[in-house]
Amino acid sequence: MSREHILKHRRWIPNIEDYVVETKVPCLTVDALLRAESVAPESVLVLSVDAEGFDADIVLSVDFERVRPFLLVWEFQHLVANTGKKQSADDWAVVRKVEDHIAKFGYECWRVIPENMFIFPKHFKIYSKKQIKSLNMEN
């Protein structure tokens, strides 16, 4: 986690600095974690990343040649919303960098809610509520 990012929550948690304790913890890449837990990369259906400031770094580090989740969700709110500062072109550049990176592996990015991005394989068909309703009426 990024201390700087955690401290951005001051407007919701007064004196947040008093509650933050820094502790070094061992970290693993997604690939190393899968190996350590004996999880086959092809069995990963959903990969969800919410790392309080390091989300893009984690997504960019995943070997999507090996790990092919059906759904990837990553939080980008800390880059583009609710941070108490005007968003810069650099902030959006990071979001676009992740979108461009993941597209190389056949994924399509959907910014479906303000803070998270849902990423599906391009061949996956997504239906709107209206389409689903019409499908249900036909059956």
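The model shown is predicted, which means the values in this text are computed figures rather than measured ones. (Residues numbered from 1 in each chain as written. Predicted model: local features only at pLDDT ≥ 70, side-chain atom pairs only at ≥ 80, totals over all residues. Heavy atoms only, no water.)

**Q** I'd like a description of the pairing of strand β1 (residues 46–49), backed by residues and values.
**A** Only one face of β1 is covered, namely the face carrying Leu47 and Val49; the face carrying Val46 and Ser48 is uncovered. Bridging between β1 and strand β2 (residues 71–75) involves four bridges; their strand directions are parallel. When the sheet's bridge partners are listed, Leu47 is paired in β2 with Leu72. You can see the chain leave β1, run along helix α3 (residues 55–61) and come back into β2, and the turn it takes is right-handed. (Buried < 20%, exposed > 50% of the residue type's maximum accessible area, 1.4 Å probe, protein only. Helix = DSSP H or I, 4+ residues; strand = E, 2+ residues; numbered from the N terminus. Pairing = 2+ DSSP bridges. Right-handed = clockwise from strand over helix to strand, strands pointing away.)

**Q** Residues and numbers for the pattern of salt bridges, please.
**A** A full pass over the atoms with the stated rule returns three salt bridges. Of the charged contacts in the structure, one is a salt bridge between Arg10 and Glu17, with a shortest N-O distance of 2.5 Å. Relative accessible area serves as the criterion here: at 31%, Glu17 is assigned to the partly exposed category. A salt bridge links Asp31 to Arg35; the nearest nitrogen and oxygen atoms lie 2.4 Å apart. Of this pair, Asp31 and Arg35 both sit in helix α2 (residues 30–36), four residues apart, which is roughly one turn of the helix. Owing to a relative accessible area of 21%, Asp31 belongs among the partly exposed residues under this scheme. (Salt bridge = Lys/Arg side-chain N within 4 Å of Asp/Glu carboxyl O.)

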